[in-house]
Amino acid sequence: MTKTVNEILQSDLLLQEVELKGWVRTFRSNRFIALNDGSTLNNIQCVIDFENTSEELLKRITTGAAIHVKGTLVESQGKGQTVEIQVSEINILGDSNPEEYPIQPKKHSFEFLRENAHLRTRTNTFSAVMRVRSKLSFAVHKYFQENGFNYVHTPIITGSDAEGAGEMFKVSTFETNKAPLTEDGKIDYSKDFFGKETNLTVSGQLEVETYAMSLGKAYTFGPTFRAENSNTTRHLAEFWMIEPEVAFMDLDGNMDLAEDFIKYVLRDVLETCKEDLAFLDQRFTQEEKSKPQAERSEMSLLEKLHFVVDNNFKRVSYTEAIEILRNSKPNKKKKFQFPISEWGADLQSEHERFLVEKHFKCPVILFDYPANIKAFYMRLNEDGKTVRAMDVLFPGIGEIVGGSQREERYDVLIEKMKALDIEEEELWWYLDLRKFGTAVHSGFGLGFERLVQFTTGMGNIRDVIPFPRTPQNAEF
Ligand code: 4AD
Ligand code: MG
């Protein structure tokens, strides 16, 4: 039976016959194949008896080729590995033309590998990142399932704009330029597939609220889409979001949940992805060395992960944060691109990162933001000008979580919707929750790729999702 490299390295099969399949990473001296099958970061060395191997076969053992190997697992004579396979039989399953194969055994830039995203998981860095991504997503489900949450598959096509930011991709079966028009010349969506205007969802929150208000604890974990034209290292047009929502929970409970959840999943992968994280830790340290001293991380990747798991997140109100920012050195020296002058300003990523990286030096939860810079569904505070919002800010990332206690009072919500021109007919079902057994409830959204970025130390969000979608780019 064929085994994976990981199974072979984990088990005690010394002096036994083994059989495995994988891709050639390198082939040296017509003797030593470094074979990788993606099951682990480690290659296994397969040693060929080249005198008894035909010239023609040897030529076909090239970087990238898929091969099938049988042999005996023995203690290694050479340095760099404890065991190796003394090959008795080798078959080429799929040739790889060494002149054309893009993934050569040398350092490639991440830009180049992005253009070859279909092959980049044949490298150590990307296979490690994607194995960690997989374990992290499993840890997300474990956390919620162990804590009594129900996984809800909220729709991907929707008629509502949860965040009210208008950054939506339209879903329509009309052909461009052939869409039927109404009498006043507008596109007649009543004749479209769904009989109304629809778009790809920006968040599953509004729908998952209905499940919190019936099943008590619910969460979604699915793709979300935003047509925002942000070409940054932290924005994707298609990203995965984790959104828990809990009935009878207020904002304090929401902060506790976010902190406990993030610590749990990080602790989990520190345990389950030791090898990959150790490799990514080294990579991170190497990369930091190439940066100017002032921009270097004070901690290694593993230190950062342990730091987050072991320390309390600092909870600070928006009002306090504005005071800190207003009196900060970069603000006084006009170093911020967006200077902070008064209460009410929206915080930019430079401000968030100042608070986290320079001022508090730990993850920060900012809460009670001005109502007019946040979404319509957040609960209005007694002061009439702030809402029960919270953002979790992380070093190197900035905002990783956005959430709130929801406005559960029918009258207050309807007023707010009117003020923002949100049509009652669109959200009648959302309003129903406030008519029939309304209650305090809260939730948040965590951007999964930003979490993977933090965990793996990758600088660009495009390198932590298999096939990134960004402005001007939807290859693969
Ligand atoms: O703060 P946001 O917009 O919150 C919501 O969508 C709420 N409905 C969530 C809720 O309360 N259930 O987005 C939540 C998180 C952000 O904190 C960020 O981590 C991530 O989603 N995010 C993005 N990640 C990658 N690319 C983008 N364009 C993102 N926009 C938001
Ligand atoms: Mg947000």
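Placed above this text is the structure.
Residues numbered from 1 in each chain as written. Chains lettered and ligands numbered in written order. Predicted model: local features only at pLDDT ≥ 70, side-chain atom pairs only at ≥ 80, totals over all residues. Heavy atoms only, no water.

Novice: I tried to follow the overall build of the chain on my own but got confused; where do I start?
Specialist: Across its full length, the chain carries 14 helices and 16 strands. Principal axes of the C-alpha set define a box for the chain whose edges measure 85 × 55 × 45 Å. With 476 residues in all, the chain has 49% of them scored as buried. Expressed as a percentage of contacts within the chain between residues at least 6 apart in sequence, the contacts between residues at least 24 apart total 67%. Just so you have it, the chain exposes about 23700 Å², and 49% of that area is on carbon and sulfur atoms. (Helix = DSSP H or I, 4+ residues; strand = E, 2+ residues; numbered from the N terminus. Buried < 20%, exposed > 50% of the residue type's maximum accessible area, 1.4 Å probe, protein only. Contact = heavy atoms within 4.5 Å. Areas by Shrake-Rupley, 256 points an atom, 1.4 Å probe, with all protein chains shown as cover.)

Novice: Can you walk me through the pattern of salt bridges in this structure?
Specialist: A side chain with one charge may pair with a side chain of the opposite charge, provided their charged atoms come close. Evaluation of the coordinates by the stated rule reveals 28 salt bridges. As a salt-bridge pair, Lys-191 and Asp-188 come within 2.9 Å of each other at their nearest N and O atoms. Look at Lys-191 and you get exposed, because its relative accessible area is 54%. Between Glu-287 and Arg-283 there is a salt bridge, with its nearest N and O atoms 2.8 Å apart. Of this pair, Glu-287 and Arg-283 both sit in helix H7 (residues 274-289), four residues apart, roughly one helical turn. Residue Glu-287 is classed as partly exposed on the basis of its relative accessible area, which comes to 26%. Note on Arg-283: relative accessible area 11%, which makes it buried. When salt bridges that share partners are traced, they join Glu-209, Glu-245, Arg-406 and Arg-434 into one network. (Salt bridge = Lys/Arg side-chain N within 4 Å of Asp/Glu carboxyl O.)

Novice: Would you take a moment to explain the packing of helix H5 (residues 205-215) against helix H13 (residues 428-435) for this structure?
Specialist: Angle between the axes and distance between the axes are the two parameters that describe a pair of packed helices. For the pair H5 and H13, interaxial distance at closest approach is 10 Å and the crossing angle is 30°. It follows from the interaxial angle that H5 and H13 lie roughly parallel. Crossing hand, H5 versus H13: left-handed. Only Trp-429, Tyr-430, Leu-433 and Arg-434 of H13 make contact with H5, whose side of the interface consists of Gln-205, Leu-206, Glu-207, Glu-209, Thr-210 and Met-213. (Axes fitted to C-alpha atoms, helices over the stretch in contact; angles between N-to-C directions. Parallel < 35°, antiparallel > 145°, perpendicular 65-115°, else oblique. Left-handed = near helix turned anticlockwise from the far one by under 90°.)

Novice: Before we go on, may I ask you to explain the environment of Thr-176 in this structure?
Specialist: Its place among the elements puts Thr-176 in the loop between strand E8 (170-171) and strand E9 (198-200). Along the backbone, Thr-176 and Glu-415 are 239 residues apart, and their C-alpha atoms lie at a distance of 37 Å.

Novice: Looking at this structure, how should I read the site of ligand 1?
Specialist: Taken together, 24 residues sit near ligand 1, with Glu-163, Gln-205, Arg-226, Glu-243 and Glu-399 positioned nearest. Here a nitrogen atom of ligand 1 sits 2.6 Å away from a polar atom, N or O, in the side chain of Gln-205. Here a nitrogen atom of ligand 1 and a side-chain polar atom of Tyr-377 are 3.3 Å apart. Here ligand 1 loses 94% of its free accessible area of 630 Å² to cover by the protein chains. Counting residues per element, the ones that place at least two in the shell around ligand 1 are strand E11 (238-247), strand E15 (398-405) and strand E16 (441-447). Ranked by residue count, the leading element in the shell around ligand 1 is E15, at five residues. Split by residue class, the shell around ligand 1 holds eight nonpolar, eight polar and eight charged. (Near = heavy atom within 4 Å. Polar contact = N/O pair within 3.5 Å; in protein donor to acceptor, adjacent residues only side chain to side chain. Nonpolar A, V, L, I, M, F, W, Y, C, P; charged D, E, K, R; others polar.)

Novice: Sorry if this is basic, but what is going on with a negative patch on the surface here?
Specialist: Taken together, the side chains of Asp-421, Glu-423, Glu-424, Glu-425 and Glu-426 define an acidic patch exposed on the protein surface. Here Asp-421 lies in the loop between helix H12 (410-419) and H13. Judged by relative accessible area, Asp-421 falls into the exposed class, the value being 69%. (Patch = residues over 30% accessible without salt bridge, like charges linked within 9 Å, V, L, I, M, F, W, Y side chains within 5 Å. Lys, Arg positive; Asp, Glu negative; His and termini not counted. Charge placed at Lys NZ, Arg CZ, Asp CG, Glu CD.)

Novice: Is there a simple way to explain the pairing of strand E1 (residues 17-28) in this structure?
Specialist: Regular strands place their side chains on alternate faces of the sheet. As paired strands, E1 and strand E4 (residues 66-75) are joined by seven bridges and run antiparallel to one another. Note on E4: the bridge partner recorded for Glu-17 is Thr-72. Counting the residues in the hairpin turn of E1 and strand E2 (residues 32-36) gives three residues, including Ser-29, whose phi is positive at 50°. (Pairing = 2+ DSSP bridges.)

In short, geometric facts, not functional conclusions.
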